[in-house]
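Fold and contact review
As a plain string of letters, each chain reads:
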Amino acid sequence: MEAYPFPQFSGSRSQVHAALYTNVTNAAAVRKRIIDAATASGPEGEAARDAVNFAYIDARLITSRLHLQTAIYQAMLAESQDSLRTRTVHSEIIWALNPTNNITEALRRYGISDKTTVVIVVSMDGASEDKLGAGIIGTLSPMDELERLTDWTAVRKGAGRAVTQANATISSNDGSFSQSDDQEDVPTRRSTVQSSRRSRIRSSSLSIPAHSRNERGENIGVLKSVQLHARSRHAFAPQVTPATASIEDPVPSSPRPALVRRNSTSAPPPTEEFDPTIPAPSPQSSRRSSISSPALPPTDPAAPQTVEPPQPAKITQQPPPSPKAEVSHATKKLINARDSGDSSRAAAAVREFRQTVVNPSVREFNAALEALQATRRSGEPLNLMLDTYNDMLRHSLLPNVHTYINLIDALTARDNEVHIAITALEGRIKHRMLTGFTEITSEAADRKRIEALRREVNFPTAMTLFEAILSIGGNDRLTAHTYTSLIRSCANHGNIDAAIHIFAQQEQREQLLPSPRNFTELIRVYANGGQLEGAEQVFEEYRAALKRGEVHIVWNRENFDTRRNSLLAWNQMIETYFRFDRADKAVGLVQEMLDAEPDKMGLVADPPQVSTATFTTVLTGFCQTGDVATAVVWFDRLLAQKNTSKDPYEPLGQALRPDDVAWTVMLDALAVKGMVNDINRLFVIRLQEKGADIHNTHRYVVYAANMAHLAEMSDEHFLWSLDFLQNHVLNTPKIKIKHRTSPTADIASAYLDRKMYDKALAVISAYFSSWLVASTTSGHDLGIPPPIMEVQGVLLKFAEKLYEVSQGFLPYTVSMELARVAGTVRITLPSSYTPFFMHSYGLARASNTLPTDMTLRDWELLVMAASELEQFADSPNAPQATVPDYAFQGLVSLLRDLATYGVTFGDMNSTLIRTVILQLTQRLGMENFIELCNETGFTSIVDKPGRVADALQQAVDDPTDVSSSSDSGYASQSTGAEPPLRVDGYLSKTIQDELRRTGLRDEDRLTSAIAKFRMGVEKERAPSPNTISLLIQNLGRAGRTEEMHYAYSVAQRVLAGLESKKEWQTEAWFDVENAMVIGLAHHGDVESAHVHRMRILQQGGALNADAYGALIYNVKDTTDDASNALELFNEAQAHNVPPNGYLYNNIISKLARARKADYAMELFQQMKALDISPTSVTFGAVIGACARVGDVHSAELLFTEMTQAPNFKPRVPPYNTMMQMYTTTKPDRARVLHFYREMRKVNIPATAHTYKLLLDAYGSIEPVDIAEMSGIFRTLETDRNVSVQGTHYASVINAHGCVSKNLPAAIKVFDNMSIAPDNLVYETMINVLVVHRRADLFPEYINKMHLAGIHMTAYIANSLIKGYALVDRLQEAQEVFESLEDPPVGVAAPNNHAPHSPAEVSPLVDQSSPVYREPSTWEAMIRAELGAGNRNGALALLERLKARQVLFVTTLGPTNNCFQTIPRRSLQPD
């Protein structure tokens, strides 16, 4: 701890103490303690505040002791002069560190957050070291550590008053003026290669000719030139307008009255291009004049942002409050919400204010707008803010300057966010085109999003508000930040005239000097407007003004921000020269900067010294103009430098090594130009750089560049390139296994194109080996593997191309390796490949070149394939007949080979052995078969009791078809045993009408339809394949699987009869297979559904949206349902499947349950961009996603959008979701009851879950209201439509026992239940006992649970572990933990959770079934060990957990066969 003397102050203020703590691990707890103390009341509150009466500062943003001491001094000075701007002198220190007047921003930036790890604690009251560090878990460190801890990247985002010493502020009742605009962000640095396109110079621009100054004979400022030009144009050409609207907007033809004073001497009057969305009040109206606004429709969150204008009518403008006016209670709440920095809290406070305050004032509305603006998160829509403004007009209140400033700042911020978002989306589209890698969204969705963003009218609206301020004489109350934000928006839109108009108003303010940032944005305005001459003149005027001292400079010791902004101005001018193909002038500026000397007086040097960003700008410029060769020369020279800088804007005055942005620019440009040698050379250098963090995007660009030019390479270069891509680009820890899938397939395909089969298969085999490791083991860095269904598709496509290119004639080693890999991922290769596989074996056998390392599994694969071909041995159409000089001699010869090579046939799969016995006894006869067994030594298969008898009995039962047990599962082929059926159109119509028939239960309709179907089949007639598909889907949904398979078999006979109509047959085949996917998925047989899915994909087709939706809906009981569902959705998009609402609803629901709200919201926006109307189901899912992650504000907006949608049909889930959010995520009983009332308004009856939420609202949210809860329960008991469930009793027991701490009352409720307790009730009761530390009662209730036949769950076990640990009975806690088991790999622990839907019935679980641990069980036990001081025990558990943490995916069974002839289920070992 250090003490800083301040002798000029008396008492405790004469010495201030500060301490630095590093490695802080409980910042979240400290922050919560501070917040709780601030809101506590009474003596306890005073004591709590005294305990934290210090300044807690994020040390990463403090650059030195002097920096800290300056802020402390400013705070004490303000206190001594009674001019504190915050509540305490300690919070004043944090305010003094911040560059703006916003205390919320100060606390957010310089105060501690939940993730802070280095903290400075400052005390003004002479606190001891122990008191200063009370409650902080960390290491007390010397202040000398500050230099090492400072995060300059965070610091450069805006230095504060203590650094800048900028404190010139002018305040008024409605707004404040601050000279500093340091809070502006650094412009986005271009990292994508763009085409060098020059904008057309507009004929109506206000450029400033250079000769105008020379004729004057004096050095006038930019503004004075603009004023003269604008006044002359106004005087002599009044019909020309200054064009303040966006350059993309058409100019309206009808004129309107000017909104600025006619006698203005500096600003051109606005004309018809200023078409205000919010017209300002007339300047002639008196304070008592009145206006009114009609009622406004609610704001649609998806609609372009706008606000409603006030119209002339009858209301009185309220006079501004006097300086001593008492602040209303509503204003105080809004201010507190603003200062909290919590956007959800601010939104809730504003909604409460609008709903409860009857006669609000302008001041209160301004406080509401300020709270929303101060806490708004980047990217958040302005709906609530604009709704609040419109509500202000509805209350007949006239906005003032403060109102308009808040709105302008919000609109310009939003406009800049839209500009950045559009740039990012366009960059994503270009990057997708460059690399071929796609994200979750499609290009069409990205373009729709861009169109939607461009429809927003933030900039025109902000300009209209600016005019409104001018019309009421409020220009002198605008801040520098507002002017700069407006000019920045002008630059984004390339609107030169609007920028001139704004700058003219700024220069009227004598106390406001333009900042370097102003000039930077003006240069950008002219550049985007297509006028190089204007940009040059602004740049020259900036340099001249800097020399005259007419630029606002932030004076401080380091002068960092102004130097940076000056550097930005020069970099912007360099970029502008490149955009206009003036590379010579751009390089000339760089040379000036290289020759510049640092200003030893601490002033802003002109020119500034170069930084890394300067060279990145040069590289980008050359690349954009297409001169990539010159860019490479510059880049190579930069690579030769030794020094670099972590801060791209640090002016070091020398050439520096390229930074990450420069690498991105260079690699992208080389890829676009196809300069593969250069891109590989540079990337090798990048790989060799020590400590280089190579982005995956760089790897993708290098990969794409090489793959695009493989055809041009020699074989030597080709091999080097692909080896380089595999070993140095793709197969690195940075790129996880799921992202290697597509590139690996492409590389293997490239090898196949050059007939390098062994290398192609080696690539595929290596990938699948890695996939298997990622799927079945832990401790790797491969990440979560893709689902098995995805990798199966990759292998099938590879196999198809392999056999196509080779025409089937492959080396045996390649064929066998392919079979092995197929077995790894549990797929059966098409039976047409089998003869070629066995032919390759025959050739290798004949040439005696069989590998010596063949395993039993390899031989088993050969026997399976031979068995499949055996059924066609005597047929003239046998598959092997298509292979010239077929070398394989049949199944009998293979058995002899087994004996020759010492392979024990009897050790193979028993079902396979029975199949071989069946085939050979039918072919050879029993005696010859036994003789063959004696010859080969395989007598054990004959000696085993029952085996031959079973096979012979099967032959007797079905002597005509031995292939029934050898279905390869790949093609639906008619056996020819039954004749094709004739399609009957009348029968089709009859069955369809039956399925649509009203007045019957679904079950009865289906029974009638299947009866008519069977009658038709008996008469050799059948409905159309389309009708059969419809029937299959309905049977699957109803769980009538036998009838579904019967319908499927009939469909095969119908398809066989369509041989003469190939197009119809093909379409019908896909339709039937698709129907089987839907039917099987709805029945819950997802594995079988995927078999039919793979059939469709193998034939080059794709499922429809309903089938993908059904598969996604039934992805459950895995450890990563959302990822598996997302893979299916991505597959649908990859196959260009037209999506529908059902598909979107299911994928959004899966993502919502997994708390992946960002993905869910992105798909929700994509859905709307595709003009698919969201339903109540969709809204319910996406609202649930927001609720699960605590995004209350977004949930509220979405709920409002849902209820106002034209197709809105009230459903209970969204209302219950909102109630649950305010019951658990953000407890607020009033909001729970609000949504319950809204639900009742639309005549939705309460469900069992609704009652549970109401019980929790009164029983778990403080203050608890037991009487109201009991009333709800009585209402539930009398509701005939809802039955009382265990979850209701659980809520009541929890309220009494856990919340109210009334154990007897909880026991009484349990003992008097009207229904049998379920596991949830027992879990709640055990929790009550834990709260009361009554572990002695555990055995009693566990015994009751066993007697009732209730299966133990992991969550009950968790409570028992916690309860035993609390009373120091660790051994019993350990016994409970060890009595549980771990679930199978890749499967979510079964029998612990309630059903997904309240309508589902919990399955009955045998009490003897194992109880499987959940992740929370491990956590409970580790906490118990640590609580007992048993650190070694906790570490041992962690080691077990580490070994247990397998990346869960579908696991592999024992039947990993490929050329399979027997049903998969029959191949399980005995």
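Residues numbered from 1 in each chain as written. Predicted model: local features only at pLDDT ≥ 70, side-chain atom pairs only at ≥ 80, totals over all residues. Heavy atoms only, no water.

Some remarks on the overall build of the chain
Let me state the cut-off plainly: Helix and strand definitions here come from DSSP, where helices need a minimum of 4 consecutive H or I residues and strands a minimum of 2 consecutive E residues; each element is numbered from the N-terminal end. Only protein chains enter the accessibility calculation, which uses a 1.4 Å probe; a residue whose area is less than 20% of its type maximum is buried, one above 50% is exposed, and one in between is partly exposed. Any two residues having at least one pair of non-hydrogen atoms within 4.5 Å are treated as being in contact. Method for areas: the Shrake-Rupley scheme with a 1.4 Å probe, in which residue coverage is limited to the protein chains shown.
When helices and strands are counted, the chain shows 65 helices and 11 strands. Considering the chain as a whole, with its 1470 residues, one finds that 53% of them fall into the buried category. Taking all contacts inside the chain whose residues are at least 6 apart in sequence as the whole, residues at least 24 apart take part in 73%. Surface accessibility of the chain: about 64,800 Å² in total, with carbon and sulfur atoms responsible for 51%.

Things to note about the packing of aromatic side chains
Each aromatic ring pair is characterised by the separation of its centres together with the angle its planes make. Quick note on the threshold: By convention, a stacked pair of Phe, Tyr or Trp rings (six-membered ring in the case of Trp) has centres within 6.5 Å and planes under 30 degrees apart, an edge-to-face pair has planes over 60 apart, and any other such pair is tilted. Geometrically, a lysine NZ or arginine CZ counts as sitting over a ring once it is within 6 Å of the ring centre and also within 35 degrees of the ring normal.
As enumerated under the stated definition, the model contains 34 aromatic pairs in all. Both rings, one in Phe905 and one in Phe938, keep their centres 5.8 Å apart while their planes meet at 50°; by these two values the pair is tilted. Of this pair, Phe905 sits in the loop between helix H37 (891-900) and helix H38 (910-924) while Phe938 is found in the loop between helix H39 (926-936) and helix H40 (940-943), placing the two residues 33 residues apart along the sequence. A single burial state applies to Phe905 and to Phe938, both of which are buried. For Lys1344, the ring lying beneath its charged end belongs to Tyr1341, and the centroid distance is 4.7 Å.

Points about unusual backbone geometry
The omega torsion of the bond from Glu1262 to Pro1263 falls at -10°, within 30 degrees of zero and hence cis. Tracing the sequence through the fold places Pro1263 in the loop between helix H56 (1248-1259) and helix H57 (1266-1278). The backbone of Ser396 shows a phi angle near 60°, a positive value even though the residue is not glycine. Take Ser396: it is sitting in the loop between helix H15 (383-394) and helix H16 (401-435).

Some words on the pattern of salt bridges
Counted only if it meets this: Basic side-chain nitrogens of Lys or Arg form a salt bridge, by our definition, when they fall within 4 Å of a carboxyl oxygen of Asp or Glu.
Summed over the entire model, instances satisfying the criterion amount to 67 salt bridges. Between Glu1196 and Arg351 there is a salt bridge, with the nearest N and O atoms lying 3.9 Å from each other. Linking Glu1196 in helix H53 (residues 1192-1204) with Arg351 in helix H13 (residues 343-356), this pair joins segments that are 845 residues apart in sequence.

Let's talk about the environment of Leu670
Along the chain, Leu670 turns up in helix H27 (residues 660-673). For Leu670, a relative accessible area of 0% gives the class buried. Taking the C-alpha atoms as reference, Leu670 lies 9.0 Å from Ala629; in sequence the two are 41 residues apart. Beyond its immediate chain neighbours, meaning those up to four positions away, Leu670 contacts Val628, Val632, Met675, Asp678, Ile679 and Leu682.

Notes on the pairing of strand E2 (residues 15-22)
How we decide: Pairing between strands requires that DSSP locate at least two bridges from one strand to the other.
For E2, a buried count of 7 out of 8 residues is recorded, marking the element as mostly surrounded by other parts of the structure. Bridge count between strand E1 (residues 2-5) and E2: 4 bridges; the pairing is antiparallel. Paired with Pro5 across the two strands is Gln15, which belongs to E2. Pairing between E2 and strand E4 (residues 119-123): 5 bridges, direction antiparallel. Within E4, the position partnered with His17 by the bridge is Ser123. As judged from the 3 bridges shared by E2 and strand E5 (residues 139-141), these two strands associate in the antiparallel manner.

A word on the pairing of E4
Strand residues, when the strand is regular, have side chains that alternate between the two faces of the sheet. Burial runs high along E4: 5 of the 5 residues are buried. The alternating pattern of E4 places Val119, Val121 and Ser123 and Ile120 and Val122 on opposite faces, both of which are buried.

Considering helix H50 (residues 1141-1153)
Heads up, the rule is: Multiplying 1.5 Å by the helix residue count minus one yields the expected span of that helix.
The terminal C-alpha atoms of H50, which comprises 13 residues, lie 18 Å apart, in line with the 18 Å expected from a rise of 1.5 Å per residue. Listing the buried residues of H50 in full gives Leu1143, Tyr1144, Asn1145, Asn1146, Ile1147, Ile1148, Lys1150, Leu1151 and Ala1152. Following H50 by one or two positions, Arg1155 adopts a phi angle in the positive range, close to 65°.

What to know about the side chain of Glu1425
The condition is simple: Just so you know, the count uses Lys and Arg for positive and Asp and Glu for negative, and it drops His and the chain ends.
Relative to the helices and strands, Glu1425 resides in helix H64 (residues 1415-1427). No salt bridge is formed by the buried Glu1425; the nearest opposite charge belongs to Arg1440, separated by 8.0 Å. With residues near it in sequence (within four places) discarded, Glu1425 still touches Leu1370, Gln1374, Asn1430, Gly1433, Ala1434 and Leu1437.

Quick look at the packing of helix H3 (residues 65-80) against helix H4 (residues 89-97)
Here is the rule: With axes taken as lines fitted to C-alpha atoms, and helix axes fitted only over the stretch in contact, angles between N-to-C directions fall between 0 and 180 degrees. In these notes the angle categories are as follows: under 35 degrees is roughly parallel, over 145 is roughly antiparallel, 65 to 115 is roughly perpendicular, and the rest is oblique. Two helices crossing with the near one rotated counterclockwise from the far one by less than a right angle form a left-handed crossing, whereas a clockwise rotation gives a right-handed crossing. Polarity classes work like this: nonpolar for Ala, Val, Leu, Ile, Met, Phe, Trp, Tyr, Cys and Pro, charged for Asp, Glu, Lys and Arg, and polar for all others, with Gly in that last group.
Where H3 contacts H4, the two axes come as close as 8 Å, and the packing angle between them is 125°. By the angle between their axes, H3 is oblique relative to H4. Note that H3 runs across H4; the crossing there is right-handed. The segment H3 lies against H4, with His67, Ala71, Ile72, Gln74, Ala75, Met76, Ala78 and Glu79 engaging Val89, Glu92, Ile93, Ala96 and Leu97. Looking at the contact of H3 with H4 residue by residue, the classes come out as 9 nonpolar, 2 polar and 2 charged.

With respect to helix H47 (residues 1086-1098)
Between its first and last C-alpha atoms H47 spans 18 Å; for 13 residues at 1.5 Å apiece the expected length is 18 Å, and the two agree. With 11 of 13 residues buried, H47 lies mostly within the body of the structure. Looking only at H47, the buried set comprises Val1086, Ser1088, Ala1089, His1090, His1092, Arg1093, Met1094, Arg1095, Ile1096, Leu1097 and Gln1098.

Quick look at the packing of helix H42 (residues 985-996) against helix H43 (residues 1002-1018)
One can describe the packing of H42 onto H43 by two numbers: an axis separation of 8 Å at closest approach and a directional angle of 165°. With respect to H43, the axis of H42 lies roughly antiparallel. You can see that H42 and H43 cross each other, and the crossing is left-handed. Taking contact as the criterion, the partners of Leu987, Thr990, Ile991, Glu994, Leu995 and Arg996 in H42 are, on H43, Arg1005, Leu1006, Ser1008, Ala1009, Lys1012, Phe1013 and Gly1016. For the contact of H42 with H43, a count of residues per class yields 6 nonpolar, 3 polar and 4 charged.

Considerations on the confidence of the model for the chain
So the rule is basically this: A residue's pLDDT is simply how confident the predictor is in it, with values from 0 to 100.
Looking at the chain, the pLDDT average stands at 77 and 79% of residues meet or exceed 70. Residue range residues 952-977 is modelled with pLDDT below 50. Its contacts to residues more than four positions away, or to other chains, number 43 contacts. A low-confidence stretch, residues 1445-1470 (pLDDT under 50), is modelled with 100 contacts involving residues beyond four sequence positions or located in other chains.

Details of the environment of Ala760
Assignment of secondary structure puts Ala760 in helix H32 (residues 757-776). In the structure, Ala760 is positioned 13 residues away from Ile747 in sequence and 7.5 Å away in space, judged by C-alpha atoms. Those residues in contact with Ala760, other than ones at most four positions away along the chain, are Ala748, Tyr751, Leu752 and Phe798.

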